[in-house]
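Here are the chains, one letter per residue:
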Amino acid sequence: MKETERDSEGGGGGKGTKKSEKDQRWIPKIIKKRVCTTFVEDSFSNGALCQCGGPRQSHDSIATGDFFGAAIVSQWDSAQHSSEYPTDAFGELEFAGAGRRHSHFLRLSCDTQPQMVYTLMTTHWGIPPPNLVVSVVGGDGHEKVKTWVREVLRNGLVRAAQSTGAWILTGGLREGVGRCVGEAVRDHRAAASSLSQKKVVAMGVAPWGLVHNRQQLVNAQGSFPARYYVQNTSRDSHCLDNNYQAFLLVDDGSVGRRGGETAFRAKMEDYISHQRTGIWGSGSIEIPVLCMLISGDASMLERVDLSLRKATPWLVLAGTGPAADLISEVLVDLPSIPLSPVSPSAEGDVGEGPSAELRDRTREKVRRHFPVEADLEKLVDRTLSIYQNRDLITLFNGGQDSPDDFDTVILKALVRASKRVASDASEYTEELKLAVAWDRVDIAKTELFNGDIQWKYDDLEDSMTDALINNKPQFVRLFCENGLNILDYLTYRRLEDLYRSLDDSSLVYTLLQRRLSERHGLAGSMDGSLKSSQSPQGLMQGPASAKELSLYEVSRLLWDLLGDVCQPFYYGPLGLDQSTGTRKALKQVNKLLLGECTYREQRCLSPWSSLFVWAVLQNRSDMAIYFWEMAGESVLSALSGCKILRELSKLESETETKVSMKELAQTFENLANDVFSQCYQSSENRTFTLLIRKSPVWAGATCLQMATAADARLFFSHDGVQSLLSQIWWGDMERSTEVWKLVLSFFLPPLIYTDLISYREQEEDVKVEVHQGPGQDTDSLDGNDASVFSLADIVKTPEDKDEYDAVRENLKGGSPSTASGSKRPFAVQRWRQFWFAPVTSFLGNVLMYFLFLCLFAYVLLVDFKPPPEGPSNLELVLYFWVFTLVLEEIRQTFFVGSTTVLQRMKNYIQDMWNKCDLTAIMLFAVGLVCRMFPWSYHFGRAIMSLDYMVFTLRLIHIFAIHKQLGPKIIIVGKMMKDVFFFLFFLGVWVMAYGVANQALLYSYDPRPGWIFRRVFYRPYLHIFGQIPIHEMDADKLDDAGVNCTHDRALIDAGWEPCMDTYANFVVVLLLVIYLLVTNILLVNLLIAMFSYTFSKVQEHSDTYWKFQRYNLIVEYHSRPCLAPPFIILSHLHLFIKRYIRRIPSVKIRHFVLELRGRKASRLNTWEAIQKEILLTAQNKRYRESDAARLKRTSVKVDSVLKQMSEIRDHDRRLRMLEIETEYCCNALSWMVEALSQSNLIKTTRQPPQRSDSTYSPTP
C-alpha cells in the first residue's frame, strides 16, 4: 500500500504538474468521501462481511451490539451507516503503457452537490462546456454487446458527439457498453484532427467500491499523476478505461456493489440540463441532456421512471436487452389503447387511471421479459408510469434505422422533449436552436431552410446572437440569407452586448478592461456611486465587469490600434466631438452612461463594418471574411483588418495565436490587392479616386493612408498604386520626361517655357484640392499648392463626366483665390507646373544637398580656422545653411499631420532617417559650441568630422527613389543586422584569444592602453593578416632587437616588458586555432548569412522599394519647392499666411479627396460590383479545382452508398414480406381445403383454383 502511494506521488513532475497540484489543493476541503462506519451483518457471509461489502475489522462499530438490536437494523443504508471524510483520491491519472495524455479523476461522496463538480470540471480541469450531454445507461457487467450496437456507438454516437461538442457519460469501466464507447472514442481520436478530438469528451461515472486496483489512486495530497496499472486488457473487467478523459468515482461507502452512483448521476444530469450553452452561458438554449438506454435489468425501470419525471428525454435502443425491449414493446403495442388522466405521486406510484386491460397486457409483457422478478406489480407500476411519459421517449431500431442518421435521431428526440416542456414554443424554433448549439448547418439547411418554412425576424434574432457569440459563421450567413435584416438587428445596445461576451482569456478582453478601469478610476474620483463597481469582488468576476463595457472603450481600443489614420470611432452616437480631449471625453461618457443612454436603441449606421471590426478583434477568420464580403468599401476594409491584426499580433504573447493573426492579416492584404486589381482592370481613373477617397465609414481614412499604416507592401507594389504615385511624382509633366531635361531647366529656368519638357494635355486647369472651400488658400505649412492630380486626368468615361462637372461648378462658385488656377497667365501657370512638381523639389534638394556637402568638406578641410581667427565667412554660410535645415525639420515635426503635438513628435521619431537627421543636427550643434573656445577647438573639430560622415550617409535615403539603387539599399540594411550577429560571435573569440594571448606573452604589463590594444585591437588585425610574428614567436625574438626588461619597477616607469618564453608553443597553437576559426569558419559563416539574406530579400526587394518610394514621394510632395538654404523664404511666406493672414491650411493631410452624395454612392456601388465579380471568379476557380471535384465526388459516392444500403434494406424487407405472404397464402389454402372437405358450409360453387399463368414470370 505504501509503495503504491509512493509510486503515485513520484510520477509526473514538471512545471505543469506543480501548477495543477497547487490549483487543486483545496479539493479535500470541499469534496468528501464516504466510509462505512457501522457493521451491519450480511447473512450470506456468515458474519464475515458487512452489507456494504467490507470486512468486519474495517468498521468502527457493530450495529447488532450498538444499542440498535438485530431486529431493528436489518438493512444497510449509506446515509445512516457511513460517514463523510475529506477525499483522498483526486488529481491526474496516468495509465501505464497507454501512451496518451493524462485523465482527471475524483473520488467524491454520493451526496456531493453537482454544482461544485461541474465547476471543477469546466474551470479547473479545463474541459470545455458541452453543447449536449448523452448519458449512456445499461449494458453493464459482462453482457455481450451486439454488433449493430457497436456500430451505432462508433458511427452514430461518437460522430454525433463530435459534430455537436458533446459529453458522453458512461460507467467508465472496461466492461459492456462502457468499453465499447471507449473503443469508439479511441478510434475517433486516431482519425480526427486535434480540434475535433477536443469536441468529444468521454466521462466515466463509476462506483468507487467497484473499481479494480483503486488503492493505486489513493493519495491524501493528490496524485499528479497517479500511475494506474491495467492487466489483461483483452477481457472485460472493473478496471478504468484509458480512453476516457475524466472519471467521477462516486463513493457511497459500499465495496463491490453497483448502483451507488445512480442517484448522483441523475442529479448531475439534471443540474447540467439547467445550464446554458455557449461562452459564459450566452447560448439561447439550456444544455440538452439525453439519456440513452441500452439493454438494462429490472432496476433500470426505476432509473428511467425517475428521470422521466424530471422531463429528461430518453433514447431507447430496441432489441438490445430486457429493459429496452420492454419499453419499446409497450410504446409500440399499447398506444392504440386510450389512457385515463393520471397524476403520478411523489413516491413513484401510479394513481388511478390505467384500465384493467392495459394493466393486464403490461403485466404479461413484464412477466415475459423479467420472469424471475418477485415484485411483479411494482415493475408493472413503473412500466405504466414510463408509458405515461412516452412523449419523452424516442425509439431507435438498429435493424431498420441507419447509424449514419443517429445525430438527426438525437435532434428529433430533443425537439420532442422541448416541445412537450415548452408547449408555447415552435417546434421549428427549438430545432433551430439545437442545430445552432451543435453547429450543424447541414441539418438546418436540409430540414429547416429548404423553402417550406417562412421564417420571421423574431424567430431568428436569438439564434443569430447565439451564432455570433459562439463563432458559427455558416449560421450567420444562413440567417442573413433567409429573412434576417441586419439593419434592424444590430443596434448599439446589441453591439455592446457582443463586446461584453468576449472570452476573458482573449487579448482584446484584456485591452478593453484596461480602458474600462481608466474610466472607472475617473468616475470613482468624480462620483462615489461608481466606487462599488471597483470592489475586489467585482474585479474578481470577469464576466460581471465585462458587462459594463461601452462603445467608448471600443473606440479607445480602435484608436490605439489604428493610430492617427482614422478619427475616433463611435463618437457620434456618444455625443462626443472629434477634437474632445481624453479626460473631457471620459467625463462626458460617464455622465451619459449614468443617464438613460438613448443611443443604445439607435440602429448602427454601418452594421457590416461594425461586425467586421468585432470579428477581426477576436481573430475569427471565417466570420471576419464573411462580414468583409458583406461590408462596403472592400479595399479599405481589408486594409483596416490587416492593420488591426498586425497591431494585435505585436501585443499577443501566445505564439500560436500570434501566427494565426499574422496569417489572417496577410489574407486581408491579399484580398485588398485582388479587389484593387479587379478595379484597376475596370477603370484606371476611378481606381485613382478610390485610393485617395476619404471614407466616412472608417472615420476619414483613405486607402493609401491605411496601407501605409498597415505596412501593406504587397498592395503598394501593385501597378495601379505605382501609376498613381508616378503621376503625383511628376505633377503635370509627362512621366516620360528625361532627368537631364529637368537638370538643364533647373539651371536655365527660361527653358521651361519652351517645348523641351512636355506637359499633359488638360481640359481645364481645375485642380482637385484637399477639403477645398471658400476662403481657403492652397498653400500650407506642409508644402506647396501642387495638386494631387488634375480632374481632367480622372475624367475618361461618360460616367465620370458628371462628377467632374459637379466639382468644377463647385470650384467656380468659390472665391477668386480658389479658382485662380484657371485664370493665371501662361507664364505663371507654366512656372508653377514646373517648380511645384515633387520631382522638381526632389531634384533641387539633391543638387543643393551635394553643394552643401561640398561646402562642408571645404570648410572642414581648408577653412576651419581656430578662434579668435574663425569662423570664416564660408563657415558662417554653412551655419546658416544648417539653420535652414533645422527649420525644415521643425516644420516636419510640428506642422505636418492633424493629430496632437505629442503624436506628431512620435511619428517623426519613428522614421529611421529622421533619427539620422536629429543625430547630425545635434552633433553639429555640439561641434559648433566646442569650436568657439580655444580649449575645446580640437574636440569640436573632431565632432564636426564625425558629423560630416552622418550628413554624407544621409544621401542613401535620397538614392532610395532610384529603381536600381533602391532595392540594393534595402538589401544592405538587412545585411547590417547580420553583421551585428556576426560581431557577437567574433567578439567572443577575439576576447577569448586576446586575453589568453596577453597572459601567456606578458606576465606583467600594467599599462591599460597597451592591454586594450593587445587584447582587442591586435587580434582583430590578425584576421586581416597583420601578424607581428617577432613579438609572438620566441625563435624570432632575438632578431627583433627590442629593448625590454623584466624589472617591475622599470616597467611601471614606462619600459617595455619582455616577452615570457615559457609555454610559447601554446601561443603559436592558439594563433593557429584562432585564425582557423575566424578566417575560415566565421568569415564563411558571414558570407553564407549574406548570401541567404540576399537571396531572401532579392525576391521581395522590389516590393520593399516601392513601399519606400511612397514615403519619399509623400515627403517631397509636402515640402516647399525651394531647397535649403532658400527654403527659409518659403517658410516666411507660409508663416505670414498662417499666423498673420489667418488662412487655414488645406493640405495637412496628404492625398485626400472627399466625395459626398451621389458621387460617393456611385463609387461605392462600382467597387462593390468589382468585388462581386472577383468573388464569383474565385468561387468558379474553386469549383473547378481538383479539391472541389474530389469533394463533390466523395459526396456523390456517399450518397450512392447510402442509397445502396437502403436498396439492400428494402430488398431484405421484400424478402421478409414474400415469406409472410407465402405463409398467409398457404394458410388460406389450407383453410379453403379444410372447409371444402367439411360439411359445415354448404356452397353452390366450387372453390377458386389458382392458375399457374398468374404466377408465371413476365418475359
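In what follows, the structure referred to is the one given above.
Per chain, residues are indexed from 1 in the order of the written sequence. Note on the predicted model: pLDDT of at least 70 is required for a residue's local features to be given, and 80 or more for side-chain atom pairs to be given and counted; whole-chain, interface and lining totals, by contrast, use all residues. Water and hydrogen atoms play no part in the side-chain values, which are based on all heavy atoms of the structure.

### Considerations on the side chain of His369
Where we set the bar: A run of H or I in DSSP counts as a helix once it spans at least four residues, and a run of E counts as a strand once it spans at least two, with each numbered from the N terminus. The contact criterion used throughout is that any non-hydrogen atoms of two residues lie within 4.5 Å.
Inspection of the secondary structure puts His369 in helix H12 (residues 356–369). Apart from the residues lying within four places of it in its own chain, the contact partners of His369 are Pro322, Asp325, Leu326 and Glu329.

### Side note on the environment of Pro1125
Applicable threshold: Type-normalised accessible area, obtained with a 1.4 Å probe on protein chains alone, sets the label of each residue: buried when under 20%, exposed when over 50%, and partly exposed for intermediate values.
Along the chain, Pro1125 falls in the loop between helix H50 (1101–1118) and helix H51 (1127–1140). A relative accessible area of 12% means that Pro1125 is categorised as buried. When the C-alpha atoms of Pro1125 and Trp881 are compared, they prove to be 5.1 Å apart, with 244 residues separating the residues in sequence. Setting aside residues up to four positions removed in sequence, Pro1125 forms contacts with Met848, Phe880, Trp881 and Thr884.

### Here's the deal with the side chain of Ser463
The residue Ser463 is located in helix H17 (residues 457–469) in this model. With near-sequence residues (within four places) excluded, Ser463 lies in contact with Leu432, Lys433, Val436 and Phe479.

### Some remarks on a nonpolar patch on the surface
The line we're drawing: A patch consists of residues exposed above 30% relative accessible area that lack any salt bridge, with like charges linked at up to 9 Å and nonpolar side chains (Val, Leu, Ile, Met, Phe, Trp, Tyr) linked at up to 5 Å. Per-residue and other accessible areas were derived by the Shrake-Rupley procedure at a 1.4 Å probe size, with only the shown protein chains allowed to occlude residues. Should a side-chain nitrogen of Lys or Arg be within 4 Å of a carboxyl oxygen of Asp or Glu, the pair is scored as a salt bridge.
On the surface, Ile890, Phe894, Phe895, Val901, Leu902, Met905, Phe1135, Ile1136, Tyr1139 and Ile1140 cluster together into a nonpolar patch covering about 910 Å² of accessible area. Broken down by element, the nonpolar patch gets its largest block of residues, four residues, from H51.

### Topic: helix H49 (residues 1064–1098)
In plain terms, the rule: A helix is expected to reach a length of 1.5 Å times the quantity of its residues less one.
Taking 1.5 Å per residue as the helical rise, H49 with its 35 residues ought to reach 51 Å, and the 49 Å between its terminal C-alpha atoms agrees with that figure. All of the buried residues in H49 are Asn1064, Val1067, Leu1071, Tyr1074, Val1077, Thr1078, Leu1082, Leu1086, Met1089, Thr1093 and Val1097. Close packing links the buried residues of H49 with helix H45 (965–1001), helix H46 (1008–1022) and H50.

### Quick notes on the environment of Arg1109
Along the polypeptide, Arg1109 turns up in helix H50. For Arg1109, a relative accessible area of 9% corresponds to the buried category. For Arg1109, the contacting residues outside a window of four places in its chain are Gln722, Leu725, Ser726 and Ile961.

### Overview of the nonpolar core
The cut-off we apply is this: Among the buried residues, those of types Ala, Val, Leu, Ile, Met, Phe, Trp, Tyr and Cys that are joined through side-chain atoms within 4.5 Å form a nonpolar core.
Leu468, Phe479, Leu617, Phe627, Phe668, Phe715 and Phe852 are the most contacted members of the largest nonpolar core, which has 164 residues in total. With 12 residues, the top contributor of residues to this core is helix H39 (residues 838–861). Residues Val177, Val185, Leu315 and Phe406 belong to the second largest nonpolar core, which totals 55 residues.

### A closer look at the packing of aromatic side chains
Selection rule: Aromatic pairing here means that ring centres of Phe, Tyr or Trp (its six-membered ring) are within 6.5 Å. Orientation follows from the plane angle: under 30 degrees is stacked, over 60 is edge-to-face, and everything else is tilted. Both a distance and an angle decide whether a charge sits over a ring: NZ of Lys or CZ of Arg must be within 6 Å of the ring centre and within 35 degrees of the ring normal.
Evaluation of the coordinates by the stated rule reveals 39 aromatic pairs. With centroids separated by 5.8 Å and ring planes inclined at 70°, the aromatic side chains of Tyr118 and Tyr271 adopt a geometry described as edge-to-face. With Tyr118 in helix H5 (residues 114–124) and Tyr271 in helix H9 (residues 262–272), this pair connects stretches of sequence that are 153 residues apart. Taking NZ or CZ as reference, Arg931 lies 4.5 Å from the ring centre of Phe864, over its face.

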